[in-house]
Amino acid sequence: MTQNITTAWMMKRSTFILKHSTHESTIKFKSLFSFLHSPVSPSQSLSSPIEEQEEDFTSNLLTLLSSPNWQKNPSLRSIISSISPSKITSFFTKNPNLNPHTTLSFFNLLSQRPNFKPSVESFASLLTILIKNQFLGAAEKIRISMVKACETEEDARFVLGFLRRMNVGNDDEEVKFRISVRCYNTLLMCLSRFLMIDDMKCVFLEMLDDEIVPNIYTYNSMVNGYCKLGKVDVARLYVGKIVQAGLTPDTHTYTSLILGHCRSKDVDSAYKVFDVMPKKGCQRNEVSYTNLIHGFCEEERINEGLELFHQMGDDNCSPTVRTFTVLISALSRLGRTNEAWELFKEMNERGCEPNSHTYTVLIDGLCKDRKVDEARKLLNTMEEKRVVGTVVAYNALIDGYCKEGKIEKAIELFENMERKELKPNVRTYNELIGGYCKVGHIHKAMALLDKLTKMNLSPTVMTYNLLINGYCKHNDVDNAYRLINLMKENGVVPDEWTYSAFIHTLCRRGSVEEAHELVNSLNVKGVNINEVIFTTLIDGYLQLGKIDSGLTLFNKMVSSDRLLNSWTYNVLVHGLCKDDRIQEASVFIGKMIKIGFEPDITTYTIYIEGLLKRFDFVDARKLFFEIVYSGLKPDVCTYTSFILAYCSQGMVNEAEYMMNKMLEEGVEPDTATYTIFIDAYFRAGKLDSAFNVLKRMMDAKCVPSHHTYAIIVKHLLILQQKENIKMETFDLNIGNVWKLMDLETAMDLFSEMVKCGCGPNVKTFEALTVGLCKESQLEEACRLVSHMLTIGLYPNENIYTSLVNCSCYLRMYDQALTLLDTMTEHRILPHLESYKLLICGLYDEGEHEKGKEVFCSLIDGYKYNADEVAWKIFLDGLLKRGLRNECSQLADVMEEKGRCLNPHTTVTLVENMGD
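Conventions and cut-offs
- Residues numbered from 1 in each chain as written.
- Predicted model: local features only at pLDDT ≥ 70, side-chain atom pairs only at ≥ 80, totals over all residues.
- Heavy atoms only, no water.
- Helix = DSSP H or I, 4+ residues; strand = E, 2+ residues; numbered from the N terminus.
- Buried < 20%, exposed > 50% of the residue type's maximum accessible area, 1.4 Å probe, protein only.
- Areas by Shrake-Rupley, 256 points an atom, 1.4 Å probe, with all protein chains shown as cover.
- Lys, Arg positive; Asp, Glu negative; His and termini not counted.
- Charge placed at Lys NZ, Arg CZ, Asp CG, Glu CD.
- Axes fitted to C-alpha atoms, helices over the stretch in contact; angles between N-to-C directions.
- Parallel < 35°, antiparallel > 145°, perpendicular 65-115°, else oblique.
- Contact = heavy atoms within 4.5 Å.
- Nonpolar A, V, L, I, M, F, W, Y, C, P; charged D, E, K, R; others polar.
- Phe/Tyr/Trp six-rings, centres within 6.5 Å; stacked < 30°, edge-to-face > 60°.
- Lys NZ or Arg CZ within 6 Å of the ring centre and 35° of its normal.
- Salt bridge = Lys/Arg side-chain N within 4 Å of Asp/Glu carboxyl O.
- Polar contact = N/O pair within 3.5 Å; in protein donor to acceptor, adjacent residues only side chain to side chain.
- Expected span 1.5 Å × (residues − 1).
- Disulfide = S-S within 2.5 Å.
- Core = buried A, V, L, I, M, F, W, Y, C linked by side-chain atoms within 4.5 Å.
- pLDDT = per-residue confidence, 0-100.

This part covers the overall build of the chain. Across its full length, the chain carries 51 helices and zero strands. In the chain, which comprises 915 residues, the share counted as buried stands at 51%. Summing over all exposed atoms, the chain offers an accessible surface of approximately 45100 Å²; the carbon and sulfur share of this is 51%. Put simply, the chain has 101 plus and 117 minus side-chain charges, and the middle of one group is 3 Å from the middle of the other.

Structure, rendered in structure tokens:
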């Protein structure tokens, strides 16, 4: 057996070295022998089906266009329905001798179709035929249309090159077509649109070389191009040329200068140009106003922008959709939401239809105010009015849902985007990746990383940081480190935020010295050690009670002129209060004020908690009222600190007073607040009051936590114990409730919940099932889920995952396999941890074929990231159990199914096979 493993590993190692020498981006395990020596199929030398279809299309279209009454031919409709811009370009290029009348008529007919949008290449292929046949009048119109059809800089470069070739001509004089002044002007406007200022300058000089006399439109295009870049000094040179040519600057000239000054952050000079326009005999227009209003808004001088808005009528100007949108955007950005909505209302009343940008600004504002459902309704309204949604609008909504933990709704929007052919960008993927990581579904986030790269998008440092943070948050530091290697392999350089996730996790684990070593190594890596990293490390020492070490690090931070922020001071105040060093905490707050940091509500809440920990209610209340008097608004943590302290002393009336005060001030209680009250009422023997709080909690859409249900179950068990039903000898506490709970206790809970009007939901069953499974109470968990099904509720992903993992820990692999199959039938993607436990368990039991089958089902369908599969199943699973041969076999299966690994993953795998 050992010899086989060694031989297998040596073969793998040799294959890896051979493969690595080719510098391929992916490294495979098997040899290339079978590929190199496979015979070539005779069919490979024949033309492909696509080429045959192309020939049939060309032949059919030529036959059609050759017939005298082709417009009435019954086959016309079926032929044109399949024609794309690239297809017609190819057809015209391959058939340059087509009749120009017929060609032009056919192209015009095609262009009338709503789903056919001519490309610049299709215009160019038509132009070649028209010019060759001296159809110059029609060619001029088509040429102008071609320039206007440019949608990207690449299009503009193609058109520029084509026009230059036509202008110069070649040996075949038939295709020479000089550029007219109108075409030059249209081309300059097109280049200006894409900020191709150097090309504009060249075209202007070429125009002069062609002895084409520039007109006011020519000069205005040049002025506008430079002003878009804020280069007003160069733009003014062309204004001078207008005067030299005996022309007069007009409204467009001055409007461009206003834009130029605004772009160069000189809105006062822009206003001077605006002010002088009537004196120069130039009528201001809507664009003049809008450019200046936008300039004021960009400088956050929005009130001046609003004044201009109200003056527009004086010049017989009406606000355009862009005018309204600029102001709505600025008001929303500055938090003046009500005014933004009033302006939106006025916009509709004036009959000015909002565009996609207007809606996007409002949707983004609602999402930032956490009114995501309202934002979704606005998106629906927008699309009902046939206004096309934007990627930015969808991104704002996706981000809003992800921040609320409603990842399913975010994915629904993502799928809507794809159906509407709106291309998600890197930000879209980053928001979804962050959303999945937040709810612990990192396997789905890693699968999105695959999808992102397949869409030819490049992951950013933010993409990797979100994934690394997700792994660290769930204590999977090994995979986080592996992801850093993947990140570097793909040319993305880790930054301070990459490493701060590791430092935070190590400190949370209590491995502060290891975290400190990592911080010291960052200097060598050339990574900036920011205040977040330092503060995290200080907090790590303080949480371990190493106050002096934390203070030493803080002093080092001060002496090295590192940026301090209020969070650093809050961490220190919290550490000192936790260690009951209230006076020192007070001194630090004084230092904070002295250097210019105003203590915020978090600072004072921490200090109040310190006082309440000593049960110093008098000083705590005194400070609370001083805070309110100073204008600071206590938050949910402030109120909850008092409520916890009062309830811990049995002072429930005082706690209720604080709760009422909290609600009066518009501060919503959170899970902790409600749970404290539930516990307090149970302790006071007020069962009905406790469940009434639970109802209020659920009515307020505040989801009870695992801890909330643990508290309730604990008290129900205590009641059962008092009634001598069971467990008379057990010492009940929050740590052992799940060991003692059974279906009977759960039924008591459900009965009380129904009685108070808040029946159990899926989250209730999830909390109980997860708790039971953690204590290996699989039988009780299964009974609970059976009851769940009888009342019409269905298990969610977390319930299934708990049942699968618990089954594996109890070596009940057949049951785990059945549950996994059920999950996939219900389109629930199992966690890789579950697959790892099951596959490794089956191999441990000698069920190799079953293990292989499960692995094959795992990698079928490209549902998981290949590297993460290798990390979880191979490195953290099979190889840790010493199953090298088995790992090698599954790696070959993975390759056979086309799942290629990153080179670094392969190197790590090969090295671990040899350990």
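Helix-helix packing is characterised by the crossing angle of the two axes and by the distance between the axes. Relative to each other, helix α16 (residues 286–298) and helix α18 (residues 321–333) sit at 5°, their axes nearing to 9 Å. By the angle class used here, α16 and α18 are roughly parallel. Contacts from Thr-290, Asn-291, Ile-293, His-294, Cys-297 and Glu-298 in α16 reach Arg-322, Thr-323, Val-326, Leu-327, Ala-330 and Arg-333 in α18. For the contact of α16 with α18, the class distribution of residues is five nonpolar, four polar and three charged.

Within the fold, Trp-341 resides in helix α19 (residues 337–349). Along the primary structure Trp-341 and Leu-362 are separated by 21 residues, whereas in three dimensions their C-alpha atoms are 8.2 Å apart. Not counting chain neighbours up to four residues away, the residues in contact with Trp-341 comprise Leu-362, Leu-366 and Leu-378.

This next bit is on the side chain of Lys-836. Positionally, Lys-836 belongs in helix α47 (residues 832–844). For Lys-836, the contacting residues outside a window of four places in its chain are Gly-841, Lys-872, Ile-873, Asp-876 and Gly-877.

With the rule as written, the count across this model stands at 32 aromatic pairs. Measuring from ring centre to ring centre gives 5.5 Å for Phe-414 and Tyr-429, while their planes differ by 75°; the resulting arrangement is edge-to-face. Note that Phe-414 is positioned in helix α23 (residues 407–419) and Tyr-429 in helix α24 (residues 426–438), a separation of 15 residues in sequence. Under the relative-accessibility criterion, Tyr-429 is labelled buried at 0%. With a centroid separation of 5.5 Å and an interplanar angle of 75°, the aromatic rings of Phe-554 and Tyr-569 are classed as edge-to-face. Residue Phe-554 is found in helix α31 (residues 547–559), and its partner Tyr-569 is found in helix α32 (residues 566–578); the two are separated by 15 residues along the sequence. The burial state of Phe-554 is the same as that of Tyr-569; both residues are buried. Cluster of aromatic residues (ring-pair linked, three or more members): Phe-615, Phe-617, Phe-624, Phe-625, Tyr-639, Phe-642 and Tyr-646. Taking the ring centre of Tyr-238 as reference, the NZ or CZ of Lys-241 above it sits at 5.8 Å.

Attention now goes to the pattern of salt bridges. One pass over the full model with this rule turns up 37 salt bridges. With a closest N to O distance of 3.3 Å, Asp-210 and Arg-178 form a salt bridge. With Asp-210 in the loop between α11 (197–209) and α12 (216–228) and Arg-178 in the loop between α9 (153–168) and α10 (181–193), this residue pair connects regions lying 32 residues apart in the sequence. Residue classification places Asp-210 among the partly exposed positions, given a relative accessible area of 22%.

By the secondary structure assignment, Lys-872 is in helix α49 (residues 866–878). Judged by its relative accessible area of 12%, Lys-872 falls in the buried class. Between the C-alpha atoms of Lys-872 and Ile-533, which are 339 residues apart in sequence, the distance is 29 Å. Apart from the residues within four sequence positions on either side, Lys-872 is in contact with Asp-476, Asn-479, Leu-832, Glu-833, Lys-836 and Gly-877. There is a polar contact of 3.1 Å between the side chain of Lys-872 and the side chain of Glu-833.

Attention shifts here to helix α42 (residues 743–755). Taking 1.5 Å of rise per residue, the 13 residues of α42 would be expected to cover 18 Å, and the 18 Å separating its terminal C-alpha atoms lies within 8% of that figure. Among the residues of α42, Leu-743, Thr-745, Ala-746, Leu-749, Phe-750, Glu-752 and Met-753 are the ones counted as buried. Buried residues along α42 sit against α39 (687–699), α40 (706–722), α43 (762–774) and α44 (778–790). Of the residues that open α42, the one with a side-chain oxygen 3.2 Å from the backbone nitrogen of Glu-744 is Asp-742. Immediately beyond the C-terminal end of α42, within one or two residues, lies Gly-757, with a positive phi of roughly 90°.

One pass over the structure, following the stated rule, counts zero disulfides. No disulfide involves Cys-367; its nearest neighbouring cysteine sulfur is the one of Cys-402, lying 11 Å away. The exposure class assigned to Cys-367 is buried, which follows from its relative accessible area of 11%. Distance from the sulfur of Cys-402, which forms no disulfide, to the nearest cysteine sulfur (Cys-437) is 10 Å.

Moving on to the environment of Val-361. Here Val-361 shows up in helix α20 (residues 356–368). Overall, the relative accessible area of 11% leaves Val-361 in the buried class. Linking Val-361 and Thr-325, residues 36 residues apart in sequence, is a C-alpha distance of 7.7 Å. Apart from residues lying up to four places away in sequence, Val-361 is in contact with Thr-325, Ile-328, Ser-329 and Ser-332.

Of note, Glu-300 is a non-glycine position whose phi angle comes to about 60°, a positive value. Assignment of secondary structure puts Glu-300 in the loop between α16 and α17 (302–311). Notably, Arg-811 is not glycine yet its phi reads approximately 60°, a positive angle. When its relative accessible area of 48% is taken as the criterion, Arg-811 is described as partly exposed.

Our next topic: helix α26 (residues 461–473). The terminal C-alpha atoms of α26 lie 18 Å apart, and with 13 residues this matches the ideal 18 Å at 1.5 Å per residue to within 8%. All of the buried residues in α26 are Thr-463, Tyr-464, Asn-465, Leu-467, Ile-468, Gly-470, Tyr-471 and Cys-472. Buried residues along α26 sit against α24, α25 (442–454), α27 (477–489), α28 (496–509) and α49. Backbone geometry just downstream of α26 places Asn-475 in the positive-phi region, at approximately 65°.

By size, the foremost hydrophobic cluster in this structure holds 295 residues, and its most contacted members are Ile-363, Phe-855 and Phe-874. Once you skip the residues sitting within four places of it in the chain, Phe-855 turns out to touch Ile-839, Val-869, Ile-873, Phe-874, Leu-890, Val-893 and Met-894.

What follows is about the packing of helix α8 (residues 136–148) against α10. Packing of α8 against α10 leaves a shortest axis separation of 9 Å and a crossing angle of 10°. Considered as vectors, α8 and α10 are oriented roughly parallel to each other. In this structure, α8 uses Glu-140, Arg-143, Ile-144, Val-147 and Lys-148 to contact α10, whose residues at the interface are Arg-182, Cys-183, Thr-186, Leu-187, Cys-190 and Arg-193. Residue composition of the contact of α8 with α10, by class: five nonpolar, one polar and five charged.

Let's shift gears to the confidence of the model for the chain. Per-residue confidence for the chain gives a mean pLDDT of 88, with 92% of residues at or over 70. Put simply, helix α2 (residues 33–36) is where the chain has its lowest mean pLDDT, 29, and helix α45 (residues 797–809) is where it has its highest, 96. Of the regions scoring below 50 in pLDDT, residues 1–50 engages in 48 contacts with residues more than four places distant in sequence or in other chains.

On to the side chain of Thr-675, then. Among the secondary structure elements, Thr-675 is positioned in helix α38 (residues 671–683). Residue Thr-675 is classed as buried on the basis of its relative accessible area, which comes to 6%. Of note is the side chain of Thr-675, whose polar atom sits 2.8 Å from the side chain of Thr-708. When neighbours within four sequence positions are excluded, Thr-675 is seen to be in contact with Met-697, His-707, Thr-708 and Ile-711.

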